[in-house]
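Architecture and fold: a report
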Amino acid sequence: MDLKSKIRVIEDFPEKGISFKDITTLIKDKDAFSQAVNLIVDDLKGMDIDYIAGPEARGFLLGTAVAYALGVGFIPVRKPGKLPGKTISHEYKLEYGSNTLEIHEDAIEKGKKVAIVDDLLATGGTVSSVAKLIESIGGEVVALEFLIELEFLNGRNKLEKYHVNSLVKYDK
Ligand SMILES: O=P(O)(O)OC[C@H]1O[C@H](OP(=O)(O)OP(=O)(O)O)[C@H](O)[C@@H]1O
Ligand SMILES: Nc1ncnc2[nH]cnc12
């Protein structure tokens, strides 16, 4: 199946000039959703992953499904003030605006191998922030997995030390 054909593109959302890639149309299609999850799981097999981590909110949609299918646990990385335990925070810039993410400081045991899953790689700010948070509490980030990559934003360039995989690529 052509996963790209299941993604709806909405121009000028959330602001003028942004071509928004809407995954709601893909994940409501059971075959497209399961194909996307299975392709990510296949890429991670053999890497001895202990946990999947994903950023709020869209990273939860795919990340939890991938974790379940791979048979490992899921670690949520959330927007400020949402996690109840002791957290550490990191602020970063987005394609539009800026954001802060938090992780529980005891979420990952030292040396555990973590793959980050998110719906979309744009500038790479979000995934770099998630990787920094994981590494700062002792986890080892071994792979970054995305449904979509916006290649024209060159996010991959700041992720050279990681294994990066994306399923659907856009050049605008
Ligand atoms: O590579 P980047 O430039 O960092 O952009 C990618 C991020 O932007 C979107 O999340 P957003 O912050 O809009 O939050 P949401 O998942 O809550 O919609 C998307 O889900 C990625 O996490
Ligand atoms: N163009 C885009 N479409 C959907 N989500 C995004 N997150 C950052 N840029 C995006």
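Quantities reported herein were computed from a predicted structural model and do not represent experimental measurements. (Residues numbered from 1 in each chain as written. Chains lettered and ligands numbered in written order. Predicted model: local features only at pLDDT ≥ 70, side-chain atom pairs only at ≥ 80, totals over all residues. Heavy atoms only, no water.)

**Considerations on the site of ligand 2**
As a structural note, the neighbourhood of ligand 2 is formed by Ile18, Ser19, Phe20, Lys21, Arg58, Glu95, Tyr96, Leu120, Ala122 and Leu150. Side-chain polar atom of Arg58 to a nitrogen atom of ligand 2: 2.9 Å apart, as the coordinates give it. Considering ligand 2 on its own, with 260 Å² of exposed area, one finds that the protein chains cover 94% of that surface. Most atoms of ligand 2, that is more than half of them, are within 2 Å of grid points of the largest pocket. Considering every element that reaches the shell around ligand 2, the biggest residue donor is strand E2 (residues 19–22), with 3 residues. Per-class residue counts for the shell around ligand 2 are 6 nonpolar, 1 polar and 3 charged. (Near = heavy atom within 4 Å. Polar contact = N/O pair within 3.5 Å; in protein donor to acceptor, adjacent residues only side chain to side chain. Areas by Shrake-Rupley, 256 points an atom, 1.4 Å probe, with all protein chains shown as cover. 1 Å grid on protein atoms, 1.4 Å probe; cavity = no way out; pocket = protein on both sides within 12 Å on 5 of 7 lines; lining within 4 Å. Sits in = over half its atoms within 2 Å of the grid points. Helix = DSSP H or I, 4+ residues; strand = E, 2+ residues; numbered from the N terminus. Nonpolar A, V, L, I, M, F, W, Y, C, P; charged D, E, K, R; others polar.)

**Concerning the site of ligand 1**
Of all residues adjacent to ligand 1, which total 17 residues, the nearest are Lys79, Asp118, Asp119, Thr123 and Thr126. Here an oxygen atom of ligand 1 and a backbone polar atom of Ala57 are 3.1 Å apart. Backbone polar atom of Gly124 to an oxygen atom of ligand 1: 2.8 Å apart, as the coordinates give it. Here ligand 1 has 510 Å² of accessible area as a free molecule, and 89% of this is covered by the chains. Judged by its atoms lying within 2 Å of the grid points, ligand 1 is housed in the largest pocket. Secondary structure elements with two or more residues in the shell around ligand 1: strand E7 (113–121) and helix H4 (125–136). Among the elements that take part in the shell around ligand 1, E7 stands out by supplying 4 residues, more than any other. Across the shell around ligand 1, the residue classes tally to 6 nonpolar, 5 polar and 6 charged.

**Remarks on the environment of Lys21**
Position of Lys21 relative to the elements: it lies in strand E2. Using a relative accessible area of 3% as the deciding quantity, one classes Lys21 as buried. Not counting residues up to four positions away in its chain, the partners in contact with Lys21 are Ile7, Arg8, Val9, Arg58, Leu120, Ile148, Leu150, Tyr170 and Lys172. Within polar-contact distance, the side chain of Lys21 engages the side chain of Ser19 at 2.7 Å. (Buried < 20%, exposed > 50% of the residue type's maximum accessible area, 1.4 Å probe, protein only. Contact = heavy atoms within 4.5 Å.)

**Some points on the pairing of E2**
Of the two faces of E2, the one lined by Ser19 and Lys21 and the one lined by Phe20 and Asp22 are each fully buried. Here 4 bridges tie strand E1 (residues 8–11) to E2, and the two strands are oriented antiparallel to one another. Residue pairing for E2: Arg8 is matched across the bridge by Asp22. (Pairing = 2+ DSSP bridges.)

**As for the nonpolar core**
Most often, soluble globular proteins have nonpolar side chains that are buried together. In terms of nonpolar packing, the biggest core is built from 29 residues, with Leu44, Ile52, Val66, Leu147 and Ile148 touching the most fellow members. Counting only elements with at least two residues in this core, the list comes to helix H2 (30–44), helix H3 (58–70), E7, strand E8 (140–150) and strand E9 (163–170). Element by element, the count of residues in this core is highest for H2, at 6 residues. In this view, Val66 contacts Val37, Ile40, Val41, Leu44, Ile52 and Val117; residues no more than four positions away in its chain are not counted. Listed in part, the 24 residues of the second largest apolar core include Ile75, Val77, Phe146 and Leu159. (Core = buried A, V, L, I, M, F, W, Y, C linked by side-chain atoms within 4.5 Å.)

**Observations concerning the UniProt feature "domain: Phosphoribosyltransferase" (unreviewed entry) in the chain**
The UniProt feature table records "domain: Phosphoribosyltransferase" (unreviewed entry) at residues 43–148. Helix makes up 25% of residues 43–148 and strand 40%. Its end C-alpha atoms lie 15 Å apart. (UniProt positions renumbered as here; feature names shortened; annotations may be inferred.)

**Focus: the sheet that holds E8**
The sheet built from 5 strands is open, its strands ordered E4-E3-E7-E8-E9 with parallel pairing. A strand with exactly one partner marks an edge of an open sheet, and here the two such strands are strand E4 (73–77) and E9. On average, each strand axis in the sheet is inclined to that of its neighbour by 20°, with strand direction left out of account. Pairing of E8 with E9, which is carried by 7 bridges, proceeds in the parallel orientation. Its bridge partner being in E9, Glu145 is matched across the sheet by Asn165. (Axes fitted to C-alpha atoms, helices over the stretch in contact; angles between N-to-C directions.)

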